[in-house]
Structures are given as structure tokens and as C-alpha cells.
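Chains, contacts and geometry: an overview
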Amino acid sequence: QVQLVESGGGLVQTGASLRLACAASGHTFSIRGMGWFRQAPGKEREFVAVLDWGTGSTLYVDSVKGRFTISRDNAKNTVYLQMNSLKPEDTAVYYCGAYSRPAYYRDYAHADYWGQGTQVTVSS
């Protein structure tokens, strides 16, 4: 089992920055990658970013490229999402996900483990 705990959400103004963190515990040796997702009211959960645990390679959804950065601290089993130039359309509950299955990159939408979510609200 893997447990994920997100933190760092909040209420900010347009153009502000936030840094989300996701700490993994449990059988962290099984993690192959970690990602961030978000779900706005009335919308489906969408993939935002992923980081491959073995290589450090990253991939982002087009809408956040150049504004968001996913990074990691291997010693702490933690991934971060630095969010800059926030827009109202970024408002959502942000979830951390962990992938343990081989070839998880074939379907980023399906994480094997999920955090509880942290609310990010960007006011205009």
C-alpha cells in the first residue's frame, strides 16, 4: 500500500504562485511515477503533470506548460507542483497520484494510488 498526502493549497489572486507538495509513504519502493491531477466543479478529473521516478522525466498538459513545474525530492519521497501565474481557470481540487504498474505512461489518467486532494482557488 502507498499513502499520499497533499498540502499547499489555498486562496490566491490571479497571477500569484502556489507550491503544492505530495508526500508518499508505505511501500514507496513500488512507485514508478507520480503525477498531479485536478478536478474543477462539474468537470472530470484531468491530468496535469507527471514525473517518472526512475529518470526524472516530466510531461505537462498544454494548458499549464511554462507556468507549472513538477519536481521531486527523492530522500523525502515527495513531489512538488510549483504553480506560477495562476489563472481563475486553474481553480480546482488538486490530487496527487502514484503509479506502480509497469508501462503506466500508457494511461496517465489512471493512477494506482490517490491523495485526498487540496483545494486551489484563484480569484479574479
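For the structure, check the block above.
Everything quoted here is computed from the prediction, not taken from an experiment.

**Examining the packing of aromatic side chains**
Within this structure, the stated rule accounts for eight aromatic pairs. Between the aromatic rings of F37 and Y99, the centroid separation amounts to 6.4 Å while the plane-to-plane angle is 50°, which identifies the pairing as tilted. Separated by 62 residues along the polypeptide, F37 in strand β4 (residues 33–39) and Y99 in strand β9 (residues 92–99) bring together distant segments of the chain. As far as the burial class goes, F37 and Y99 line up, both buried. Where Y99 meets Y104, the ring centres are 4.6 Å apart and the plane angle is 25°; that geometry is what we call stacked.

**Describing the pattern of salt bridges**
Going through the model one piece at a time under the given rule, you end up with five salt bridges. In this structure, R38 engages E46 in a salt bridge whose closest nitrogen and oxygen atoms are separated by 2.7 Å. We note a salt bridge from D112 to R101, for which the minimum N-O separation is 3.3 Å. Linking D112 in the loop between β9 and β10 (113–114) with R101 in the loop between β9 and β10, this pair joins segments that are eleven residues apart in sequence. R101 sits in the partly exposed class, given a relative accessible area of 23%. Through salt bridges with shared partners, one network takes in R38, E46, R67 and D90.

Criteria and thresholds
Residues numbered from 1 in each chain as written. Predicted model: local features only at pLDDT ≥ 70, side-chain atom pairs only at ≥ 80, totals over all residues. Heavy atoms only, no water. Phe/Tyr/Trp six-rings, centres within 6.5 Å; stacked < 30°, edge-to-face > 60°. Helix = DSSP H or I, 4+ residues; strand = E, 2+ residues; numbered from the N terminus. Buried < 20%, exposed > 50% of the residue type's maximum accessible area, 1.4 Å probe, protein only. Salt bridge = Lys/Arg side-chain N within 4 Å of Asp/Glu carboxyl O.

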